[in-house]
Amino acid sequence: MATAAAGALGLLWGWLWSERFWLPQNVSWADLEGPGDGYGYPRARHILSVFPLAAGVFSVRLLFERFIAKPCALHVGIQDSGPYQAQPNAILEKVFISVTKYPDEKRLEGLSKQLDWDVRKIQCWFRHRRNQDKPPTLTKFCESMWRFTFYLCIFCYGVRFLWSSPWFWDTRQCWHSYPYQPLTNGLYYYYIMELAFYWSLMFSQFTDIKRKDFLIMFVHHLATIGLITFSYINNMVRVGTLVMCLHDASDFLLEAAKLANYAKYQRLCDTLFVIFSAIFVVTRLGIYPFWILNTTLFESWEMIGPYPSWWLFNGLLLILQVLHIIWSYLIARIAFKALIRGKVTYPGRIRPILCTLHSFLNSFLFSMPGGSWTVSSLACI
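In this text the structure is predicted, and so the values were computed from the model without any measurement. (Residues numbered from 1 in each chain as written. Predicted model: local features only at pLDDT ≥ 70, side-chain atom pairs only at ≥ 80, totals over all residues. Heavy atoms only, no water.)

## Section: the overall build of the protein chain
Next up, step 1: Per the secondary structure count, the protein chain includes 14 helices and 0 strands.
Next up, step 2: Traced from its N-terminal end to its C-terminal end, the protein chain shows the element sequence α-α-α-α-α-α-α-α-α-α-α-α-α-α.
Next up, step 3: Contacts in the protein chain between residues far apart in sequence, at least 24 positions, make up 77% of those at least 6 positions apart.
Next up, step 4: Carbon and sulfur atoms form 65% of the exposed surface of the protein chain, whose accessible area is close to 20200 Å². (Helix = DSSP H or I, 4+ residues; strand = E, 2+ residues; numbered from the N terminus. Contact = heavy atoms within 4.5 Å. Areas by Shrake-Rupley, 256 points an atom, 1.4 Å probe, with all protein chains shown as cover.)

Set out below in structure tokens:
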């Protein structure tokens, strides 16, 4: 029994690390055991160093949020206090938890008769109770400031590293002598730090503020980790650095817009969101398909030819492009609605519409004000 199980595990292990899948024709793992320069060639065992580094990144984050981000938040006027606590009421609490958080007019009238409360007072109770579950602005500010700092630093490092790399200026160099491309120190640090950061996000997602987009972001982090790990193991790290730097170009701007939003610097928030939207669309719908996909699909086909992991890698990159199109459409729709609604002064009856748009933004990863390019809708939150 034990022998059969060992044999099955051996077959599975052999299939998982099959040279026919991972490497081009006439290349074996033994060929990549050479020392090369720096860290030699990428090896799967290098990935193991990511986990203690991810724990270190998470620890640095906790210190950063406490000793740097929190004082900055207090300096810009964000209060270190939670939301207003709703008055304890067993009947309303039961309705809130078991039935609905947004009671309709009929239910409000029934509760009004049952409690002998004014309908408006019950509406206020439900609003305060909903706000009670929302995370404090201070906590959201600290989280965004940490992500902003990392994204900005890693983007600057990526630009500095790629500026002196030949494949940044000629993408055909991504495939020259592939897969016999030694791993330099700078490239190794770039890859491992990106991977460690996303692993730290995977860990912290279970302790951070629970957002509506929890599942979406969980899948996003998982896919990002998979792509970075996959490209590292089969030594497609040169084109991988281009993909990472391209995506980092807009991420820090989104976090900067969030920070401005939390600090109530509305005009700065709007400006940063416009810049983020423009860079996002240009990089994801312009540069990515015509620069990145061009080299991974066509230049690599010409220089090294397709093989099984090549098909998988390009398939994942094409799926990423589909996501870029969807996200760009959503961003454009949000920006268009905000610009259109910003042309008029809204009466109080329109406020729920703005709140709905703001909630949609939250579910789409952005804690941006939905209709506040020239008017503020943040009073509804």
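## Considerations on the packing of aromatic side chains
Next up, step 1: Following the criterion strictly, the structure yields 33 aromatic pairs and no others.
Next up, step 2: For the pair Phe96 and Trp125, a centre-to-centre distance of 6.4 Å together with 80 degrees between the ring planes defines the contact as edge-to-face. Note that Phe96 is positioned in helix α4 (residues 90-98) and Trp125 in helix α6 (residues 119-132), a separation of 29 residues in sequence.
Next up, step 3: Every member of this aromatic cluster is reached through a ring pair, and the members are Trp17, Phe21, Trp22, Trp29, Phe230 and Phe313.
Next up, step 4: The side chain of Lys121 reaches across the aromatic face of Trp117, ending 4.2 Å from its centre. (Phe/Tyr/Trp six-rings, centres within 6.5 Å; stacked < 30°, edge-to-face > 60°. Lys NZ or Arg CZ within 6 Å of the ring centre and 35° of its normal.)

## Comments concerning the UniProt feature "transmembrane region" (unreviewed entry) in the protein chain
Next up, step 1: If you check UniProt for "transmembrane region" (unreviewed entry), the listed places come out as residues 148-168, 188-207, 214-233, 272-291 and 311-332 in our numbering.
Next up, step 2: The span residues 188-207 carries 85% helix and 0% strand; its end-to-end C-alpha distance comes to 29 Å.
Next up, step 3: Secondary structure across residues 272-291 comprises 100% helix and 0% strand; the distance between its end C-alpha atoms is 26 Å. (UniProt positions renumbered as here; feature names shortened; annotations may be inferred.)

## Some thoughts on a nonpolar patch on the surface
Next up, step 1: Nonpolar side chains collect at one region of the surface, where Ile319, Val322, Leu323 and Ile326 lie side by side and expose about 330 Å² of accessible area between them.
Next up, step 2: Looking at the element boundaries, Leu323 is found in helix α13 (residues 308-341). (Patch = residues over 30% accessible without salt bridge, like charges linked within 9 Å, V, L, I, M, F, W, Y side chains within 5 Å. Salt bridge = Lys/Arg side-chain N within 4 Å of Asp/Glu carboxyl O.)

## With respect to the side chain of Ser300
Next up, step 1: The residue Ser300 is located in helix α12 (residues 266-303) in this model.
Next up, step 2: Looking at Ser300, the relative accessible area reads 0%, which means it is buried.
Next up, step 3: Within the structure, Ser300 has its side chain in polar contact with the backbone oxygen of Thr296 (distance 2.3 Å).
Next up, step 4: Here Ser300 is in contact with Trp175, Thr295, Gly305 and Trp310, once residues within four sequence places are set aside. (Buried < 20%, exposed > 50% of the residue type's maximum accessible area, 1.4 Å probe, protein only. Polar contact = N/O pair within 3.5 Å; in protein donor to acceptor, adjacent residues only side chain to side chain.)

## Considering helix α3 (residues 50-75)
Next up, step 1: Between the first and last C-alpha of α3 there are 35 Å, a value that for 26 residues agrees with the 38 Å anticipated at 1.5 Å per step.
Next up, step 2: Within α3, the axis deviates most sharply at Glu65, by approximately 40 degrees.
Next up, step 3: Of all the residues in α3, the buried ones are Val50, Ala54, Val57, Arg61, Phe64, Glu65, Ala69 and Ala73.
Next up, step 4: Just past α3, the residue Gly77 takes up positive phi, approximately 100 degrees. (Expected span 1.5 Å × (residues − 1). Bend = angle between axes of the 7 residues up to and from the residue.)

## Remarks on the environment of Tyr178
Next up, step 1: Note on placement: Tyr178 falls in the loop between α8 (166-169) and α9 (185-204).
Next up, step 2: Since its relative accessible area comes to 8%, Tyr178 is described here as buried.
Next up, step 3: Along the primary structure Tyr178 and Asn234 are separated by 56 residues, whereas in three dimensions their C-alpha atoms are 10.0 Å apart.
Next up, step 4: Residue contacts for Tyr178: discarding those within four places in its chain leaves Pro24, Asn234, Asn235, Met236, Ile304 and Tyr307.
Next up, step 5: Of note is the side chain of Tyr178, whose polar atom sits 2.9 Å from the side chain of Tyr307.

## Looking at the environment of Thr271
Next up, step 1: Tracing the backbone shows Thr271 in helix α12.
Next up, step 2: Its relative accessible area of 42% is what places Thr271 among the partly exposed residues.

## Observations regarding the state of the cysteines
Next up, step 1: For the structure on display, the rule yields 0 disulfides.
Next up, step 2: Unpaired in this structure, Cys153 has its nearest cysteine sulfur neighbour in Cys156, at a distance of 6.7 Å.
Next up, step 3: Cys245 takes part in no disulfide bond, and the closest cysteine sulfur, belonging to Cys156, lies 9.3 Å away. (Disulfide = S-S within 2.5 Å.)

## Quick notes on unusual backbone geometry
Next up, step 1: Residue Pro179 follows Tyr178 across a cis peptide bond; omega there is 5 degrees.
Next up, step 2: Looking at the secondary structure, you find Pro179 in the loop between α8 and α9.
Next up, step 3: Phi angles above zero are rare outside glycine, and Asp116 is one such case at about 60 degrees.
Next up, step 4: For Asp116, the location among the structural elements is in the loop between α5 (105-115) and α6.
Next up, step 5: Residue classification places Asp116 among the exposed residues on the basis of a relative accessible area of 69%.
Next up, step 6: The phi torsion at Lys264 lies on the positive side, around 65 degrees, for a residue other than glycine.
Next up, step 7: Checked against the element boundaries, Lys264 lands in the loop between α11 (237-262) and α12.
Next up, step 8: Here Lys264 falls in the exposed class, since its relative accessible area comes to 62%.

## Things to note about the pattern of salt bridges
Next up, step 1: The tally for this structure, following the rule as stated, stands at 6 salt bridges.
Next up, step 2: Between Glu143 and Arg61 there is a salt bridge, with the nearest N and O atoms lying 4.0 Å from each other. Taken as a pair, Glu143 in helix α7 (residues 137-163) and Arg61 in helix α3 lie far apart in primary sequence, 82 residues in all. For the residue pair Glu143 and Arg61, the accessibility class agrees, reading buried in each case.
Next up, step 3: Among the ionic pairs, Asp251 bridges to Arg284, the shortest N-O distance being 3.6 Å. Linking Asp251 in helix α11 with Arg284 in helix α12, this pair joins segments that are 33 residues apart in sequence. For the pair shown, Asp251 and Arg284 are each scored as buried.
Next up, step 4: Within the structure, one salt-bridge network assembled from shared partners comprises Arg61, Glu65 and Glu143.

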